[in-house]
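One letter stands for each residue in the lines below.
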Amino acid sequence: MKPILECQGLSKQYNNTSCALDNLNLTLERGQIVGLLGPNGSGKTTLIKLINDLLTPTCGNVLIDGSRPGVESKKIVSYLPEHTYLDDSMKISELVTYFADFYENFITERAYTMLSDLGIDKNARLKTLSKGTKEKVQLILVMSRDALLYVLDEPIGGVDPAARDYILQTIINNYNENATILLSTHLIQDIENILDRVIFIRQGHLALNATVDEIRMEQGKSVDTLFREVFRC
Amino acid sequence: MPWNLDDSRPIYLQLMEKIQQDIISGTYRPGAKLPSVRELALDAAVNPNTMQKALSELERSGLVYSQRTSGRFITEDESMLKQLKTELAARHIREFFEKMEQLGFPQEETLALVQETVKEES
């Protein structure tokens, strides 16, 4: 089986002076939860946007399940962007229907279970909800798809610690053995135990690609501690 | 409640230790069925693959065995359980002596202190 994600010499230049991503080579296997870590401006969101066909590489390739990003890849990739794109005058129930219409692999029942577990009123309009609750709704919609690759850009940044625990549980519970989750975050300590692998990127380069337990075994320290050391300002 | 894991040692090792502890303390009886990988992973709040690895290692050591379709069970081999108990006790004792040495007590003094404490408490 082909790897779910492959980046070959992937580069993205926004202007002539600097590279947001510089010759990145990376392969992600199926059935893993992967943390994409790096300081602000290191290229995390650029990589995520390239995977989701929102940017075109300056050179190199992104392959999802062996093919370039496009209509087919969007069927199997479930993407949580950094900023919301939903129409905030819609009711939650309307958003659920909207997603169910849009994606064949959307599981309506799963979405309603999570909404009720988190006490979110399905009749409320998105714009009446707090910032954190809006983030929860978006994440629920994204996790309710039966995708092969979930790409989550800062999924737990704005939610309270209790809901964060629930969301991490949901990730453990819902993800199947063939699916891969790639998530970017600064809250390393909170998610470290649910990751298989971490990828550090620095100034558009791959700085580290190792499993959490390899890091602990070889360095005798947590990923969080290692991150603070590697990226000390 | 997530399991209490420290952040410097490999997670799968700590999961193995916790399950060993639960076997010795009787949370899981000899011959009892273990919860599924996913249930254990959820309970511990860890990655299911890491839990899988911990269970495979326990299986390799013989403490746990799997039956194709019905899941994983704790061994009923009493001598193996006894050996595990002895090993865990030895580990705790070593750690204790190391800590006492860091406080500046040689082994004989530590032993004397232990005896004193036992006397006081009885």
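Only a predicted model underlies this, so the values are computations on that prediction, with no experimental measurement involved.

Residues and elements named next belong to chain A. Every buried residue belonging to helix α4 (residues 108–117) is among R110, A111, M114 and L115, and all of these are buried. Across the axial projection of α4, the buried residues extend over an arc of 130 degrees, all falling on one side. Seen from the open side of α4, the exposed residues pointing more than 90 degrees away from its buried face are E109 and S116. Where α4 is buried, its residues contact α3 (92–102), α5 (131–143), β6 (149–153) and α6 (161–174). Once α4 ends, the next one or two residues include G119, with phi positive near 65 degrees.

Residue and element names in this part refer to chain B. Annotation of chain B at the domain level lists domain 1 (11–76) and domain 2 (79–121). Averaged C-alpha coordinates put domain 1 and domain 2 at centres separated by 28 Å. Domain 1 puts 10 residues into the contact, and the matching count from domain 2 is 7 residues. Here domain 1 packs against domain 2, burying approximately 740 Å² in sum over the two surfaces, 77% of which is carbon and sulfur. In terms of surface lost to domain 2, no three residues of domain 1 exceed Q20, I24 and L63, which account for 53% of the buried area on that side. Put simply, domain 1 and domain 2 have 1 salt bridge between them. Residues E17 and R91 are paired through a salt bridge, measuring 4.0 Å at the closest nitrogen-oxygen approach. No other element matches the 5 residues that helix α1 (residues 11–24) contributes to the side of domain 1 that touches domain 2. Each residue belonging to the side of domain 1 that touches domain 2 can be placed in one class, and the counts come to 4 nonpolar, 5 polar and 1 charged.

Before going further, it helps to spend a moment on the interface of chain A and chain B. Contact residues are listed per partner, giving 23 residues for chain A and 18 residues for chain B. Of the roughly 1600 Å² buried at the junction of chain A and chain B (both faces included), carbon and sulfur atoms supply 47%. Area buried by chain A at its contact with chain B is led by I172, N193 and R216 of chain A, which between them contribute 37% of it. The interface formed by chain A and chain B includes 1 salt bridge. Our count for the contact surface shared by chain A and chain B stands at 13 residue pairs in polar contact (both at pLDDT 80 or more). In the side of chain A that touches chain B, the residues fall into 7 nonpolar, 10 polar and 6 charged.

What follows concerns the side chain of R110 of chain A. Along the chain, the position of R110 of chain A falls in helix α4. In contact with R110 of chain A, not counting residues within four places along its chain, are M143, S144, R145, D146, Y150 and N174 of chain A.

As enumerated under the stated definition, the model contains 15 salt bridges over all chains in all. For D65 of chain A, the salt bridge goes to R30 of chain A, with nearest N and O atoms at 2.6 Å. Here the residue D65 of chain A occupies a position in the loop between β4 (59–64) and α2 (71–76), and R30 of chain A occupies one in the loop between β2 (19–28) and β3 (33–37), the gap between them amounting to 35 residues. Look at R30 of chain A and you get buried, because its relative accessible area is 18%. Salt-bridge contacts for D6 of chain B lead to R9 of chain B; the nearest nitrogen and oxygen are separated by 3.4 Å. Within this structure, D6, R9, E17 and R91 of chain B form a network of salt bridges that share partners.

Another aspect to go through is the pairing of strand β2 (residues 71–74) of chain B. All names here are of chain B. Strand direction decides the pairing type here: strand β1 (residues 64–67) and β2, joined by 4 bridges, are antiparallel. Note that in β2 the partner of V64 across the bridge is I74. With antiparallel pairing between neighbouring strands as the criterion, β1 and β2 make up a hairpin whose turn holds 3 residues.

Residues and elements named next belong to chain A. This structure, assessed with the given rule, holds 3 cavities of 30 Å³ or more. Together, M114, L118, K136, L139, I140, M143, Y166, I167 and T170 line the largest cavity. Secondary-structure elements contributing two or more residues to the lining of the largest cavity are α5 and α6. Among the elements that make up the lining of the largest cavity, the one with the highest residue count is α5 (4 residues). Split into classes, the residues belonging to the lining of the largest cavity amount to 7 nonpolar, 1 polar and 1 charged.

Right, let's get into the nonpolar core. By size, the foremost hydrophobic cluster in this structure holds 77 residues, and its most contacted members are V137, L152 and I181 of chain A together with L15 and M51 of chain B. In terms of domain composition, this core takes at least three residues from each of domain 1 (11–76) and domain 2 (79–121) of chain B. Not counting residues up to four positions away in its chain, the partners in contact with M51 of chain B are W3, L15, I19, V37, L40, A41, A44 and V46 of chain B. Residues L36, V77, Y79 and L182 of chain A belong to the second largest nonpolar core, which totals 25 residues.

Rules used in this analysis
As a convention, each chain's residues are numbered from 1 in the sequence order in which they are written. Each chain gets a letter, beginning with A, and each ligand a number, beginning with 1, in the order they are written. Reporting of local features is limited, given that this is a predicted model, to residues whose pLDDT is at least 70; pairs of side-chain atoms are given and counted only at 80 or more, and all residues count toward the totals for whole chains, interfaces and linings. Note: side-chain values were computed over all heavy atoms of the structure, leaving out hydrogens and water. A simple rule labels every residue: compare its accessible area, found with a 1.4 Å probe on the protein chains alone, to the largest value its type can have, and call it buried under 20%, exposed over 50%, or partly exposed in between. For the purposes of this entry, the term helix denotes a DSSP run of H or I that reaches at least four residues, the term strand denotes a run of E that reaches at least two, and both are numbered from the N terminus. Here, the arc refers to the directions that run from the helix axis to the C-beta atoms. Between two residues, a contact is recorded if the distance between any of their heavy atoms is within 4.5 Å. Reported domain spans reflect what an automatic or database domain assignment gives. Buried area: the accessible area, evaluated with a 1.4 Å probe, that two parts lose upon being put together, summed over both parts. A pair is scored as a salt bridge if a Lys or Arg side-chain nitrogen falls within 4 Å of a carboxyl oxygen belonging to Asp or Glu. Amino acid classes used here: Ala, Val, Leu, Ile, Met, Phe, Trp, Tyr, Cys and Pro are nonpolar; Asp, Glu, Lys and Arg are charged; the rest, including Gly, are polar. Any N or O atom pair separated by 3.5 Å or less is treated as a polar contact, with the protein-specific requirement of one donor-capable and one acceptor-capable atom, and with residues adjacent in sequence counted only for side-chain atom pairs. Note on pairing: DSSP must find at least two bridges between two strands before they are called paired. The method works on a 1 Å grid over the protein atoms by themselves. A cavity is a set of points holding a 1.4 Å probe that cannot get out, a pocket is an open set with protein on both sides within 12 Å along at least five of seven lines, and residues with an atom within 4 Å of a point line them. Grid points are joined across faces, edges and corners, and a volume is the space filled by probe spheres set on the points. Residue types Ala, Val, Leu, Ile, Met, Phe, Trp, Tyr and Cys, when buried and joined through side-chain atoms within 4.5 Å, form a set referred to as a nonpolar core.

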